[in-house]
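Close look at the chain arrangement
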Amino acid sequence: SSYHLLPLRLNINVDLIDNVFIQMCNKGIQCAKQYQPLYRYHLFNENEENLENKKLLKNTDLFYDQMISVPFHESLSKDDLTYILNTLLNIVNNIK
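Just so you know, these numbers come straight off a predicted model, no measurement behind them. Each chain carries its own residue numbering, running from 1 in the written order of its sequence. In keeping with the predicted nature of the model, local features appear solely for residues at pLDDT of at least 70, side-chain atom pairs appear and are counted solely at 80 or more, and the whole-chain, interface and lining totals rest on all residues. With hydrogens and water excluded, all non-hydrogen atoms of the structure serve as input to the side-chain values.

Comments concerning the overall build of the protein
- In DSSP terms, a helix is any run of H or I states spanning at least four residues, a strand is any run of E spanning at least two, and both are numbered starting from the N terminus. For the protein, the count of helices and strands is 3 helices and 2 strands.
- Element order for the protein, N to C, with α for helix and β for strand: β-α-α-β-α.
- To sort residues, take the accessible area from a 1.4 Å probe on protein chains only and compare it with the maximum for the residue type: under 20% means buried, over 50% means exposed, and anything in between is partly exposed. Residues counted as buried form 30% of the 96 residues belonging to the protein.
- Should any heavy atoms of two residues lie within 4.5 Å, those residues are counted as being in contact. Put simply, 71% of the contacts in the protein that link residues at least 6 apart link residues at least 24 apart.
- The accessible surface values rely on the Shrake-Rupley method and a 1.4 Å probe; as for residues, cover is taken only from the protein chains in view. Taken as a whole, the protein presents about 6800 Å² of accessible surface, with 52% of it coming from carbon and sulfur.

Focus: helix 1 (residues 17-26)
- Looking at helix 1, one finds that the buried residues are I17, V20, F21 and M24. Mapping the buried residues of helix 1 onto a view down its axis gives an arc of 100°, with all of them on the same face. More than 90 degrees from the buried face of helix 1, the exposed residues found are D18, I22 and N26.
- Tucked inside the fold, the buried residues of helix 1 contact helix 2 (58-66), strand 2 (67-73) and helix 3 (78-95).
- Phi for G28, located one or two positions after helix 1, is positive at around 85°. It is the directions from the helix axis to the C-beta atoms that the arc portrays.

Digging into a nonpolar patch on the surface
- Residues with no salt bridge and a relative accessible area higher than 30% make up the patches, which join like charges within 9 Å and nonpolar side chains (Val, Leu, Ile, Met, Phe, Trp, Tyr) within 5 Å. Note on definitions: salt bridges are taken to be side-chain nitrogens of Lys or Arg within 4 Å of carboxyl oxygens of Asp or Glu. On the surface, a nonpolar cluster with roughly 340 Å² of combined accessible area is contributed by L38, Y41 and L43.
- By the element assignment, L43 lies in the loop between helix 1 and helix 2.
- Residue class for L43 comes out exposed when judged on its relative accessible area of 64%.

Remarks on the side chain of Q66
- One can find Q66 in helix 2.
- When its relative accessible area of 6% is taken as the criterion, Q66 is described as buried.
- Under this definition, polar contacts are N or O atom pairs within 3.5 Å; protein pairs additionally need one hydrogen-donor-capable and one acceptor-capable atom, and for neighbouring residues in sequence, both atoms have to be side-chain atoms. In this structure the side chain of Q66 is engaged in a polar contact, spanning 2.8 Å, whose partner is the backbone oxygen of I12.
- Filtering out sequence-adjacent residues up to four positions away, Q66 remains in contact with L8, R9, L10, N11, I12, V14, I17 and K33.

See below:
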């Protein structure tokens, strides 16, 4: 079977994203952070320090900084998906 994550951009303050991760985990929903811009990898910029703090590509950086990936695969039922999305919406609406 093929397992995937569904990347979502949350239109909230970047400083609140970690709190969303924690609250989702507390509700039993494992989330992930993915799609880091390539220039932030030390592999491509060995001489640079603090690459994660640099903002070179405005839209790419904004998406990465505000994104969260939620579970999304064929084993999830409609009820599972509803629970994941309703939980995320509830957290985001109450975190602002």
